[in-house]
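# Understanding the architecture of this molecule
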Amino acid sequence: MAFSKVTHILFDMDGLLLDTEKLYKRALTEALAHYGHIYTPELQLMVTGTTEKDTVQILVNECNLPSEEEFSKLFKSKSLALLVDAQLCQGTERLVRHLSKHNVPMAVATSSSKESIEVKTKNYKELFSLFSHIVSGTSDPDVKNGKPAPDIFLVSASRFPDKPEPGKCLVFEDAFNGVVGARCAGMQAVMIPDKCVPEEKKKAATLVLNSLLEFKPELFGLPAFDD
């Protein structure tokens, strides 16, 4: 399969760079249990990759919960307490440092709020300093609509100094909502899906891999790994 050459990279954060999806799953499981509900794989698929506001709205509507504000506070308190222990996903450091070494412009396009980004990246400040910028889908006023809308990817691309065309950007995502958003933005998307993602939800991706360790930069016209 032939892929188009790219010059800029956009990374999702949760479940892609940082192994946080299991932490969010635990936080949402506990928050929904408070109301007597189960956080099912179907619900997880619906909210993975969405902004924190959209996550709350979807779950409140689907589970018929009494208050968005109340559920939001509960979810936020539980998730922030867990996110301080976020670990890097397999292959994150290797790929980020390789692209940085070869001066490939990179940015992060995450649905997370600025507050949770601070908590999650606290132990990896030097690594995340290698990114040109981080765009928060929850906190950034320029991101009008969360994933699966293309807004966050178009905003992220526009903030590189040379403002690349969407077709020159490659997006890394773990979530179906994120892949759809990237493709709607006119970008190629490499998907590292969670185990809960069914096969039909992977079809929108340009390329599907098991982890970042499997990625071969040269497929997209980027410098190959030295090893």
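Starting afresh in each chain, residues are numbered from 1 along the sequence in its written order. Selection of residues for local features in this predicted model requires a pLDDT of at least 70, selection of side-chain atom pairs for listing and counting requires 80 or more, and totals for whole chains, interfaces and linings are taken over all residues. Note that water and hydrogens are dropped before the side-chain values are worked out from all heavy atoms of the structure.

Identification of the chain as Probable pseudouridine-5'-phosphatase from Frankliniella occidentalis is taken from an unreviewed UniProt entry.

To continue, consider the sheet that holds strand β3 (residues 133-136). For two strands to be treated as a pair, DSSP must find no fewer than two bridges joining them. Each helix corresponds to a stretch of at least 4 residues labelled H or I by DSSP, and each strand to a stretch of at least 2 residues labelled E; elements are numbered beginning at the N terminus. Pairing in this open sheet of six strands is parallel, and the strands run β3-β2-β1-β4-β5-β6 from one edge to the other. Lying at the two open borders of the sheet, with one neighbouring strand each, are β3 and β6 (207-208).

What follows covers the nonpolar core. Counting 30 residues, the largest nonpolar core has Ile9, Phe11, Phe172, Val190 and Phe215 as the members making the most contacts within it. Contributing elements (two or more residues each) for this core: β1 (8-11), α5 (92-101), β2 (106-110), α7 (125-128) and β4 (169-173). Listed in part, the 23 residues of the second largest apolar core include Leu32, Tyr35, Cys63 and Leu74. Residue types Ala, Val, Leu, Ile, Met, Phe, Trp, Tyr and Cys, when buried and joined through side-chain atoms within 4.5 Å, form a set referred to as a nonpolar core. Each residue's exposure class comes from its accessible area (1.4 Å probe, protein chains only) as a fraction of the maximum for that residue type: buried when under 20%, exposed when over 50%, partly exposed otherwise.

Here the focus is the domain arrangement of the chain. What counts as a domain boundary in this text is fixed by an automatic or database domain assignment. Entries for the chain in the domain assignment read domain 1 (8-17 + 89-220) and domain 2 (20-83). Of note, the centres of domain 1 and domain 2, computed from C-alpha atoms alone, are 22 Å apart. At the boundary of domain 1 with domain 2, total buried surface from both sides reaches about 1,500 Å², with 57% on carbon and sulfur atoms. The three residues of domain 1 that bury the most area against domain 2 are Glu115, Asn177 and Cys196, which together make up 25% of that side's buried surface. Between Lys or Arg on one side and Asp or Glu on the other, a salt bridge is scored when a side-chain nitrogen of the former is within 4 Å of a carboxyl oxygen of the latter. Scanning the region where domain 1 abuts domain 2 turns up one salt bridge. Close ionic contact of Glu115 with Lys76 constitutes a salt bridge, the shortest N to O distance being 2.9 Å. Any pair of N or O atoms that falls within 3.5 Å is considered a polar contact. Within protein, one atom must be able to donate a hydrogen and the other to accept it, and sequence-neighbouring residues count only if both atoms are side-chain atoms. Where domain 1 meets domain 2, there are nine residue pairs in polar contact (both at pLDDT 80 or more). The dominant element in the side of domain 1 that touches domain 2, judged by the number of residues it contributes, is helix α6 (residues 114-121), at four residues. Amino acids outside the nonpolar list (Ala, Val, Leu, Ile, Met, Phe, Trp, Tyr, Cys, Pro) and the charged list (Asp, Glu, Lys, Arg) are all regarded as polar, and Gly is one of them. Considering only residue class, the side of domain 1 that touches domain 2 consists of five nonpolar, nine polar and seven charged. We define buried area as the total accessible area lost by two parts upon association, computed with a 1.4 Å probe and summed across both.

A cis geometry characterises the amide bond from Lys147 onward to Pro148, with omega recorded as 20°. Note on placement: Pro148 falls in the loop between β3 and α8 (151-158). With a phi close to 55°, Asn64 is a non-glycine residue in the positive phi region. The residue Asn64 is located in the loop between α3 (52-63) and α4 (68-83) in this model. The phi torsion at Lys163 lies on the positive side, around 45°, for a residue other than glycine. Examined against the element boundaries, Lys163 turns out to sit in the loop between α8 and β4. What makes Lys163 exposed here is its relative accessible area of 54%.

Here the focus is the side chain of Thr110. Positionally, Thr110 belongs in strand β2. Judged by relative accessible area, which is 0%, Thr110 ranks as buried. A polar side-chain atom of Thr110 sits 3.1 Å from the main-chain amide nitrogen of Ser112. A contact between two residues is defined here by any heavy atoms of the two lying within 4.5 Å. Contacts of Thr110, omitting those with residues within four sequence positions, involve Asp12, Met13, Asp14, Ile117, Ile134, Val135, Ser136, Gly137, Lys147 and Ile152.

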